[in-house]
Amino acid sequence: MSQKMNVKSAFTTYLKQHFIKFHEVVDVYDNTDRITMVFGNCIRCPDKLTEASIYFYKDCMEFRVYYSVTGAKWCASSTHQSEFFRLLNYINAKVWPCGSDGVGGALYNSIHLYAPRLYMTEDGCHDITMTVIIPYDFYEVAPLQTEDFLIASLPEVLDALRPAIFLLLLGKIDLNQAKRIVDRDVLGEE
C-alpha cells in the first residue's frame, strides 16, 4: 500500500476511535482523496461549528479548518475587509498554535509542530481558513501529536480567534481592539 493510503487509513482510524463524524470523497476539481468533517463544539463560532478538510496528495496532506458559510457571508458583505487583512497579518505574525494531548501532558508534552496560516480564500467564497501542509514522512514520526494538533488544537484556535475576527468584520470593534482580543484570548497576554 502507498504511503498516502497508509496515512489516510491511520487518520480515519483516529477519527473513528474519537467518534468524529467524517465523510470520504474524491475531490471533483483535482481528483484528490479528501476527508471532510464538521466540529460542532466551537461555541463562539458562527453557527457554533467549524468545518475541516484533509486533502491527501502524493507526498503530503493539506489540512484546512474554516468557519461555516455564515462566517463567509459576513466576510463577503463586510465593509471592513482592509482592516481584516491587517488583522490577518497580525495573527499570522504572532499566533503559533501549539499541539497538546488534552490530558495535561500525560501522553506527550505540548509543542509547536507546524506553522499553519490563516487567510481568506481568493475563490470568491470568502472562506476564512487556517491551512497547514504536512509531509507524510513527518506524520509517520509523530502521528498522535499530528492528529491531535489538526483535529483538536486548530479548531480551538479558530474558535478563540472568532471574537476578534467577526467583531471587526461586523464593525463592532476597530483593528486595535481586535488585536487586544487576540493578545488576551489567544496569546494570554494582559
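These numbers come from a predicted model, not from an experiment.

Reading the values: rules and limits
Residues numbered from 1 in each chain as written. Predicted model: local features only at pLDDT ≥ 70, side-chain atom pairs only at ≥ 80, totals over all residues. Heavy atoms only, no water. Phe/Tyr/Trp six-rings, centres within 6.5 Å; stacked < 30°, edge-to-face > 60°. Helix = DSSP H or I, 4+ residues; strand = E, 2+ residues; numbered from the N terminus. Buried < 20%, exposed > 50% of the residue type's maximum accessible area, 1.4 Å probe, protein only. Core = buried A, V, L, I, M, F, W, Y, C linked by side-chain atoms within 4.5 Å. Contact = heavy atoms within 4.5 Å. Salt bridge = Lys/Arg side-chain N within 4 Å of Asp/Glu carboxyl O. Axes fitted to C-alpha atoms, helices over the stretch in contact; angles between N-to-C directions. Parallel < 35°, antiparallel > 145°, perpendicular 65-115°, else oblique. Left-handed = near helix turned anticlockwise from the far one by under 90°. Nonpolar A, V, L, I, M, F, W, Y, C, P; charged D, E, K, R; others polar.

Enquirer: I'd like a description of the packing of aromatic side chains, backed by residues and values.
Expert: If you walk through the whole model with that rule in mind, you get eight aromatic pairs. With 5.4 Å between their ring centres and 75° between their planes, Trp74 and Phe166 make a pair best called edge-to-face. Taken as a pair, Trp74 in helix 2 (residues 69–77) and Phe166 in helix 5 (residues 143–169) lie far apart in primary sequence, 92 residues in all. We classify Trp74 as partly exposed; its relative accessible area is 31%. With centroids separated by 5.7 Å and ring planes inclined at 45°, the aromatic side chains of Phe84 and Phe85 adopt a geometry described as tilted. Clustering of aromatic rings is evident, with ring pairs tying together Phe11, Tyr14 and Tyr139.

Enquirer: Give me the lowdown on the nonpolar core, citing residues and values where you can.
Expert: Met37, Phe63, Ile151 and Ile165 are the most contacted members of the largest nonpolar core, which has 51 residues in total. Broken down by element, the residue count for this core peaks at 12 residues, all from helix 5. Once you skip the residues sitting within four places of it in the chain, Phe63 turns out to touch Met37, Ala52, Ser53, Ile54, Met130, Thr131, Val132, Leu150, Ile151 and Leu154.

Enquirer: Give me the pattern of salt bridges: which residues, what numbers.
Expert: Taken as a whole, this structure holds seven salt bridges when the rule is applied. The partner of Lys8 in a salt bridge is Glu24, with the nearest N and O atoms 3.1 Å apart. Of this pair, Lys8 sits in helix 1 (residues 3–17) while Glu24 sits in strand 1 (residues 22–26); the two residues are 16 residues apart in sequence, bridging distant segments of the chain. Counted as one network, the salt bridges with shared partners bring together Lys4, Lys8, Glu24 and Asp33.

Enquirer: Tell me what's going on with the packing of helix 1 against helix 5, and back it up with residues and numbers.
Expert: Interaxial distance between helix 1 and helix 5 falls to 11 Å at its minimum, and their mutual angle equals 60°. The angle between the axes of helix 1 and helix 5 places the two elements in the oblique class. The handedness of the crossing between helix 1 and helix 5 comes out as right-handed. When helix 1 is examined against helix 5, the residues Ala10, Phe11, Tyr14 and Leu15 are found in contact with a partner set consisting of Leu144, Glu147, Asp148, Leu150 and Ile151. A per-class count over the contact of helix 1 with helix 5 returns seven nonpolar, no polar and two charged.

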